[in-house]
Amino acid sequence: MLTSFIHRFSSPKSFVEVTALFFPYVMFLGFSCLALGWIWGLAFAPEDAIQGNSYRIIFLHVPASIMAQLIYFFMSICALMHLVWRVKLAAYLIKSAAPVGVLITFIALFSGSIWGIPTWGTWWQWDARITSTLILFIMYLGIITLHSSFSNAEKADRLMSILVVVGVVNIPIIKKSVDWWSTLHQPASISISDGASIDPSMLYPLTISILGMALTMIALGILVSKLYILTREKNKKWVQAYV
Amino acid sequence: MQLVTANNLGYSINEKRLFHNLSFSLNSGSGLHIKGGNGSGKSTLLRIVLGLTSPSKGGVEYCKPNLQVSYLGHKNAIKHYLTPMQNLELIFRSSALQNAMKWMNTLGLNKVQDELTANLSFGQQKKLALIRIFASESDLIILDEPFVGLDNSSRDLLNEFLQKKLASDTSLILTSHIEPNILCSELVLSGDTDD
Amino acid sequence: MINFFSLEAFKLRHKLRAWLGPLLIMILVLIAFPLSIDISQYDLNKFYFSVIVVSLLMISFLATESIFSEDYEDGSLEQIHLEEKDFYKITLAKILVHVFFIGIPMALIGSIFSFANGVSFAEVPKIFVILSISTLILFNVFAFGSALSINKGSMLGVVASLPLALPAIVLLGRGVRTVQYGQGFFEVSVFMAGVALIVTALMPVIISATLKTHLE
């Protein structure tokens with residue numbers, strides 16, 4: 001019964017039709033939250049006592065870092081669905097999420113480097129958090145490269161899913177790297193168990209920025225996956241009717 | 001006794017259909033010759049029957065538990081860096097090795113048994129690969145283009161062997177552009193790529 | 001299972017290039033490093049471990065590059081699947097045979113070279129233990145990369161498996177440091193052995209699924 005439920009609601013056609021309904025709202029909300037968060041954080045949040053104004057890159061860096069890991073986690077759930085229940089849509093979503101993951105991980109690394117110059121006096125340090133995030137970036141590239149190497153798309157989907165599931169072991173390493181190793185990178189500013197370690201005047205725009213980034217990434221993911229689904233299913237009658 | 005049953009088999013690759021609604025059954029001691037043009041899916045159908053490839057639709061049932069299958073495909077499954085003798089030692093357990101060596105002599109490979117397999121001709125490599133079929137006791141033999149590369153005497157030997165196996169209740173499925181000299185039913189694949 | 005080990009050992013023994021080549025390259029790298037850099041003996045003692053670790057990484061990849069592609073290309077994988085229905089036993093046998101023929105000698109070479117660069121004789125067995133456990137982990141990881149990228153070129157295997165190998169290298173570096181500073185060797189080596197056992201048990205399952213996908 002579970003299998004038939006999953007297959008009923010995971011057809012690529014349903015996905016394209018349903019997401020078309022709420023895509024504009026998600027995109028608008030995402031951009032609005034990002035704009036609000038960034039304007040509030042850049043223009044109105046107070047200076048940091050130690051870092052001065054250089055801390056303001058937190059409103060880009062932290063949302064990007066969180067999304068970099070969350071996107072991979074999402075991909076790993078899709079990979080399990082594809083491997084266990086052979087859900088085609090799950091494979092399409094992995095393939096679409098990977099380039100978004102590459103982009104956001106690059107933004108996280110780049111913004112982190114920019115932040116490192118005034119804070120640590122260096123744009124790069126081989127500490128646990130930065131190195132493990134770089135590994136995540138390489139993993140995304142590896143997933144994209146692997147899938148692109150095979151002309152048989154179904155085989156490529158399965159191999160990509162296997163790689164994603166195996167690679168998920170790196171996510172807790174990245175998350176916990178600042179706790180397990182003595183690193184230059186600061187501990188998490190927001191923690192589910194310990195709450196926030198920053199002032200509310202910075203916390204609120206940061207939270208809005210994280211929400212905005214999440215919604216923007218979802219909107220971007222919907223756009224990319226829609227294009228990919230239409231390409232993969234181009235021989236189907238519903239695609240020919242749709243376009 | 002029914003050995004293998006295929007029900008409504010269909011196979012697609014990259015959303016392109018190779019064949020669909022294919023059904024057949026095979027009894028003990030009977031042969032099936034799969035014919036079709038290049039790219040019609042003959043080798044794919046064999047791989048589906050073997051369980052190496054999953055069909056897009058339908059399925060294959062083996063009616064006998066622990067069915068012993070011998071298979072030789074396009075690839076010979078022999079190691080080029082070993083000699084024929086070493087290859088046989090790799091393929092066969094010691095109990096079956098004597099029988100395999102007899103076949104090696106029958107096929108005239110005893111003269112080259114200590115040469116590297118890479119140095120043998122295509123036909124000699126094919127004969128070496130066929131020893132896997134000759135020397136195995138199996139209920140079902142599946143062959144993909146077995147006659148390619150063989151000289152006339154080896155082809156006759158293979159035909160004779162297959163005929164004897166059919167007579168002793170072993171089943172056979174093969175694909176071949178060269179017409180085999182054995183009694184078997186035919187299945188023709190047309191190569192369907194329409195949606 | 002024993003039969004698989006003996007068959008894989010039989011094959012690898014006859015492929016001289018496959019096991020001797022990586023070992024010779026490792027020796028070349030370990031000799032070339034001190035020749036190519038103008039560095040005092042004292043500093044060489046500190047840096048030499050990095051060379052051993054990096055060469056272990058590279059040679060592990062090289063040694064497992066064609067661990068499955070040969071059987072895939074000549075059709076042997078299909079024959080194995082017909083007999084066994086899965087590839088767990090053959091994968092485990094291949095990896096362990098490669099570790100025995102190539103990984104352990106690599107660890108021995110690394111230990112000897114570390115002794116030649118200032119490590120005391122009493123510490124050499126500890127280096128050997130750390131390097132041996134690391135080769136087991138690395139061979140598993142790179143075998144997975146090779147399985148993913150069968151007949152698609154080795155670069156794909158590197159890109160796929162390097163993110164998994166780098167945490168193993170961090171662990172190896174930690175193990176080497178315990179020998180350098182004389183602290184915590186037992187704890188770290190037991191931890192590494194645990195990781196190696198888990199990886200050795202799980203990776204053949206994952207590789208088996210990967211190989212089945214390739215055959216389809």
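Above this text is the structure in question.
Quick look at the structure, then. (Residues numbered from 1 in each chain as written. Chains lettered and ligands numbered in written order. Predicted model: local features only at pLDDT ≥ 70, side-chain atom pairs only at ≥ 80, totals over all residues.)

## Looking at the environment of C:Leu12
All names here are of chain C.
Here is step 1: Note that Leu 12 resides in helix H1 (residues 2-14).
Here is step 2: Overall, the presence of 18 C-beta atoms within 10 Å leaves Leu 12 in the partly exposed class.
Here is step 3: Filtering out sequence-adjacent residues up to four positions away, Leu 12 remains in contact with Ala 18, Trp 19, Val 97, His 98 and Phe 101. (Helix = DSSP H or I, 4+ residues; strand = E, 2+ residues; numbered from the N terminus. Buried ≥ 20, exposed ≤ 12 C-beta atoms within 10 Å, placed from the backbone. Contact = placed C-beta atoms within 7 Å.)

## Observations concerning the sheet that holds strand S7 (residues 171-175) of chain B
Within a sheet, neighbouring strands are paired by backbone hydrogen bonds and run either parallel or antiparallel to one another.
Residues and elements named next belong to chain B.
Here is step 1: Taking strand neighbours across the sheet as the criterion, the 5 strands line up as S5-S6-S7-S3-S8 in an open arrangement whose pairing is parallel. With partners counted over all chains shown, the strands left at the sheet margins are strand S5 (69-72) and strand S8 (185-189), one partner each. Mean inter-strand twist for the sheet, computed between neighbouring axes without regard to direction, equals 15°.
Here is step 2: Pairing analysis gives 5 bridges linking strand S6 (residues 140-144) to S7, with the strands arranged parallel. Looking at the pairing, Leu 143 lines up with Leu 174 of S7. (Pairing = 2+ DSSP bridges. Axes fitted to C-alpha atoms, helices over the stretch in contact; angles between N-to-C directions.)

## What about the interface of chain C and chain A?
Here is step 1: Between chain C and chain A, the residue contacts involve 16 residues of the former and 17 residues of the latter.
Here is step 2: For the side of chain C that touches chain A, the secondary-structure elements that each account for two or more residues are helix H7 (124-148), helix H8 (154-181) and helix H9 (185-215) of chain C.

## Some words on the interface of chain C and chain B
Here is step 1: Contacts between chain C and chain B engage 14 residues on the former and 15 residues on the latter.
Here is step 2: Here the element with the most residues in the side of chain C that touches chain B is helix H5 (residues 76-84) of chain C; it accounts for 5 residues.
Here is step 3: Along the lines of polarity and charge, the residues of the side of chain C that touches chain B split into 4 nonpolar, 5 polar and 5 charged. (Nonpolar A, V, L, I, M, F, W, Y, C, P; charged D, E, K, R; others polar.)

## Considering the nonpolar core
Here is step 1: The biggest cluster of nonpolar side chains holds 118 residues, and the ones touching the most others in it are A:Ile71, A:Met75, A:Ile94, A:Leu163, C:Leu138, C:Ala143 and C:Phe144.
Here is step 2: For this core, the element with the most residues is H7(C), which contributes 14 residues.
Here is step 3: Excluding residues within four positions of it along the chain, A:Met75 makes contact with A:Ile94, A:Ala97, A:Ala98 and A:Val164.
Here is step 4: Counting 45 residues, the second largest nonpolar core, distinct from the first, contains B:Ala6, B:Tyr11, B:Leu130 and B:Ile142. (Core = buried A, V, L, I, M, F, W, Y, C linked by C-beta atoms within 7 Å.)

## A closer look at the packing of helix H6 (residues 153-167) of chain A against H9(C)
Here is step 1: Between H6(A) and H9(C), whose axes approach to 9 Å, the crossing angle comes to 170°. With respect to H9(C), the element H6(A) is oriented roughly antiparallel. The two elements H6(A) and H9(C) meet at a crossing, and its hand is left-handed. Side by side, H6(A) and H9(C) meet where A:Lys155, A:Arg158, A:Leu159, A:Ile162 and A:Val166 of the first sit next to C:Ile206, C:Ala209, C:Thr210 and C:Thr213 of the second.
Here is step 2: Along the lines of polarity and charge, the residues of the contact of H6(A) with H9(C) split into 5 nonpolar, 2 polar and 2 charged. (Parallel < 35°, antiparallel > 145°, perpendicular 65-115°, else oblique. Left-handed = near helix turned anticlockwise from the far one by under 90°.)

## Some thoughts on the pairing of S8(B)
All names here are of chain B.
Here is step 1: Of all 5 residues that make up S8, 0 are buried, and the element is exposed over most of its length.
Here is step 2: Taken together, the 5 bridges between strand S3 (residues 31-36) and S8 define a ladder with parallel strand orientation. Across the sheet, Gly 36 pairs through a bridge with Leu 189, a residue of S8.

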